[in-house]
Amino acid sequence: MAAETSGAPTSFDRGGWGWLFQRITAAFLIVVLAFHFFLLHFYHHAYEVTFAGTNARMSDVGYFATMWLFLVTATFHGVNGIYNAMVNQGITGTQKRAAQGILGLAALLLVVQGTRVALHMNGFL
Amino acid sequence: MSQSYNRGLVEDFGRWKEFQAGMWAWIFHKFTGWILVGYLFTHIAVLSTAIQGPESYTTTLQSLESIFVVRILEIGLLSTAVFHILNGTRLLLVDLGIGLGSQDKSFYASLVLTGAIVVASVPTFLAGLGGGV
């Protein structure tokens, strides 16, 4: 029945690293996104956030590492998700390479800027 | 041996009347994903005020939090994130072969649970507006 799989464009490459990392990052993000929301909206309140409070949290190495990994995994998961959606939409060839380049650059810039922000938050920069 | 079939062009939304629970779950997951990745870029942009200095950061965040529409948007973001988390958990389980036979019911459960969590969170998300409690 394999011949019947042709027709629809798909990003569903079950053996691919992209497929695996999308799911590994998903498992991590489920926990950390829920923690992030809970900490900054229920334990603390968003309207009470100050630089001093952020600085105190980001000065904890474990919290800083968790937030930086949150940035990197969320960026990968989100940007790779957009790329998968575009492949589903049927892009091929030059369009596909352009999408890889633009999305890859956007992801890199986001991680660099997010890292700069994090280092200002903990007082390193 | 597993069976495969031609599902047609799933992005042809003109077929929406044919869509069943699994298809709506796929569409909602994609839609909430677009919102969340868009917000991620916006979030880092707002937090970048930390680079300008502590005062700029605190003033920007507290000014934004004093705007009613921003609080409503935050509740929208919460509902988007909660659905994406719950349906994402459902997808991971289905990928592992768990609950495949009841994937439609788990989608409905994701929707109901999202609604319940968001409604229960509204007071917290509106707290402190206008200097009140």
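Thresholds, definitions, all that
The written sequence of each chain sets the order in which its residues are numbered from 1. For this description, chains carry letters from A and ligands carry numbers from 1, given in the order in which they are written. It should be noted that, the model being predicted, local features are given only for residues of pLDDT at least 70 and side-chain atom pairs only at 80 or more, the latter also being counted only at that level, while totals for whole chains, interfaces and linings use all residues. In this description a helix means any DSSP run of H or I spanning at least four residues, a strand means any run of E spanning at least two, and both kinds are numbered starting from the N terminus. Field definition: a residue is buried when 20 or more other C-beta atoms are found within 10 Å of its C-beta, exposed when 12 or fewer are, and partly exposed for counts in between, with C-beta atoms placed from the backbone. Any pair of residues counts as being in contact when their C-beta atoms, constructed from backbone geometry, are within 7 Å of one another. To define axes, lines are fitted to C-alpha atoms, for helices over the stretch in contact only, and angles between the resulting N-to-C directions are given on a 0 to 180 degree scale. Note: crossing handedness is left-handed where the near helix turns anticlockwise from the far helix by less than a right angle, and right-handed where it turns clockwise. Each residue is assigned to one class: nonpolar for Ala, Val, Leu, Ile, Met, Phe, Trp, Tyr, Cys and Pro, charged for Asp, Glu, Lys and Arg, and polar for all the others, Gly among them. pLDDT expresses, on a scale from 0 to 100, how confident the predictor is about each individual residue. Expected helix span is given by 1.5 Å per residue-to-residue step, counting one fewer step than there are residues. A residue's bend is given by the angle between axes fitted to the 7 residues ending at it and the 7 residues starting at it. Note on definitions: a nonpolar core is a set of buried residues drawn from Ala, Val, Leu, Ile, Met, Phe, Trp, Tyr and Cys, linked by C-beta atoms within 7 Å. When describing relative orientation, an angle under 35 degrees is termed roughly parallel and one over 145 degrees roughly antiparallel, while 65 to 115 degrees is termed roughly perpendicular and anything else oblique.

K.L.:
Teacher, can you tell me more about the overall build of chain A here?
P.N.:
Tallying secondary structure elements over chain A gives four helices and zero strands in all. Its helices and strands in sequence order give chain A the pattern α-α-α-α, from N to C terminus. The buried share of chain A, reckoned over its 125 residues, is 17%. Long-range pairs, those at least 24 residues apart, make up 78% of the contacts in chain A between residues at least 6 apart in sequence.

K.L.:
I keep staring at the overall build of chain B and nothing clicks. Help me out?
P.N.:
Of the regular secondary structure elements, chain B holds five helices and zero strands. Shown N-terminal to C-terminal, the secondary structure of chain B runs as helices and strands in the order α-α-α-α-α. By residue count, 20% of the 133 residues in chain B fall in the buried class. A separation of at least 24 residues holds for 72% of the contacts in chain B among residues at least 6 apart in sequence.

K.L.:
Is there a simple way to explain the packing of helix 1 (residues 17–43) of chain A against helix 4 (residues 68–95) of chain B in this structure?
P.N.:
Packed helix pairs are specified by the crossing angle of their axes together with the interaxial distance, meaning the distance between the axes. Helix 4 of chain B packs onto helix 1 of chain A with a crossing angle of 145 degrees between their chain directions and a minimal axis gap of 10 Å. For the pair helix 1 of chain A and helix 4 of chain B, the sense of crossing is left-handed. Contacts between helix 1 of chain A and helix 4 of chain B involve Arg23, Ala26, Ala27, Ile30, Leu33, Ala34 and Phe37 of chain A on the former and, on the latter, Leu78, Ala81, Ile85, Gly88, Thr89, Leu92 and Asp95 of chain B. Split into classes, the residues belonging to the contact of helix 1 of chain A with helix 4 of chain B amount to 10 nonpolar, two polar and two charged.

K.L.:
How do you make sense of the confidence of the model for chain B when you look at a structure like this?
P.N.:
Detailed reading of predicted coordinates is not advised where the pLDDT is low. When the pLDDT values of chain B are averaged, the result is 90; 88% of them are 70 or greater. Here the predicted complex scores 0.88 on pTM and 0.89 on ipTM.

K.L.:
Is there a simple way to think about helix 5 (residues 103–126) of chain B in this case?
P.N.:
Each turn of an α-helix holds 3.6 residues, which means side chains three or four residues apart point in the same direction. In this model, helix 5 of chain B (24 residues) spans 34 Å end to end at C-alpha, consistent with the 34 Å of a helix rising 1.5 Å per residue. Ala120 of chain B marks the point of greatest bend in helix 5 of chain B, at about 35 degrees, and the proline Pro123 of chain B comes within the next four residues. Where helix 5 of chain B is concerned, the buried positions are Ser106, Phe107, Ser110, Thr114 and Phe125 of chain B. The elements touched by buried residues of helix 5 of chain B are helix 1 of chain A together with helix 1 (21–47) and helix 4 of chain B. Gly128 of chain B sits one or two positions beyond helix 5 of chain B and adopts a positive phi of about 80 degrees.

K.L.:
Please explain the nonpolar core as it appears in this structure.
P.N.:
For soluble globular proteins, the rule of thumb is that nonpolar side chains tend to be buried together. Within the largest apolar cluster, 13 residues are counted, with the highest numbers of intra-cluster contacts made by Leu33 of chain A together with Ala81, Val82, Ile85 and Leu86 of chain B. Those elements that place two or more of their residues in this core are helix 1 and helix 3 (61–89) of chain A together with helix 1 and helix 4 of chain B. Here the element with the most residues in this core is helix 4 of chain B; it accounts for five residues. If we ignore the near neighbours within four places in the chain, the residues touching Ile85 of chain B are Ile30, Leu33 and Ala34 of chain A. Counting 10 residues, the second largest nonpolar core, distinct from the first, contains Val117, Ala118 and Met121 of chain A together with Ile44 of chain B.

K.L.:
In this structure, what is going on with the confidence of the model for chain A? I would like to understand it.
P.N.:
The share of residues in chain A with pLDDT of 70 or more is 88%, and the mean pLDDT across the chain is 91. pLDDT under 50 marks residues 1–6 of chain A. Its contacts with residues more than four places away, or in other chains, come to nine contacts.

K.L.:
In this structure, what is going on with the environment of Leu91 of chain B? I would like to understand it.
P.N.:
Looking at where Leu91 of chain B falls in the secondary structure, it is placed in helix 4. Through-space distance from the C-alpha of Leu91 of chain B to that of Trp26 of chain B is 9.5 Å; in sequence the pair is 65 residues apart.

K.L.:
How do you make sense of the environment of Ala99 of chain A when you look at a structure like this?
P.N.:
Residues and elements named next belong to chain A. Counting through the fold element by element, Ala99 comes out in helix 4 (residues 93–121). Separated by 20 residues in sequence, Ala99 and Leu119 place their C-alpha atoms 30 Å apart. The contacts of Ala99, once residues within four sequence positions are left out, are Tyr83, Met86 and Ile91.

K.L.:
Any chance you could explain the packing of helix 1 of chain B against helix 5 of chain B here in plain terms?
P.N.:
Residue and element names in this part refer to chain B. Packing of helix 1 against helix 5 brings their axes to within 9 Å, and their N-to-C directions diverge by 45 degrees. Considering the angle they form, helix 1 stands oblique to helix 5. Read as a crossing pair, helix 1 and helix 5 show a hand that is left-handed. Seen from helix 1, the contacting residues are Ala21, Gly22 and Ala25; seen from helix 5, they are Gln103, Asp104, Phe107 and Tyr108. Its residues assigned to classes, the contact of helix 1 with helix 5 shows four nonpolar, two polar and one charged.

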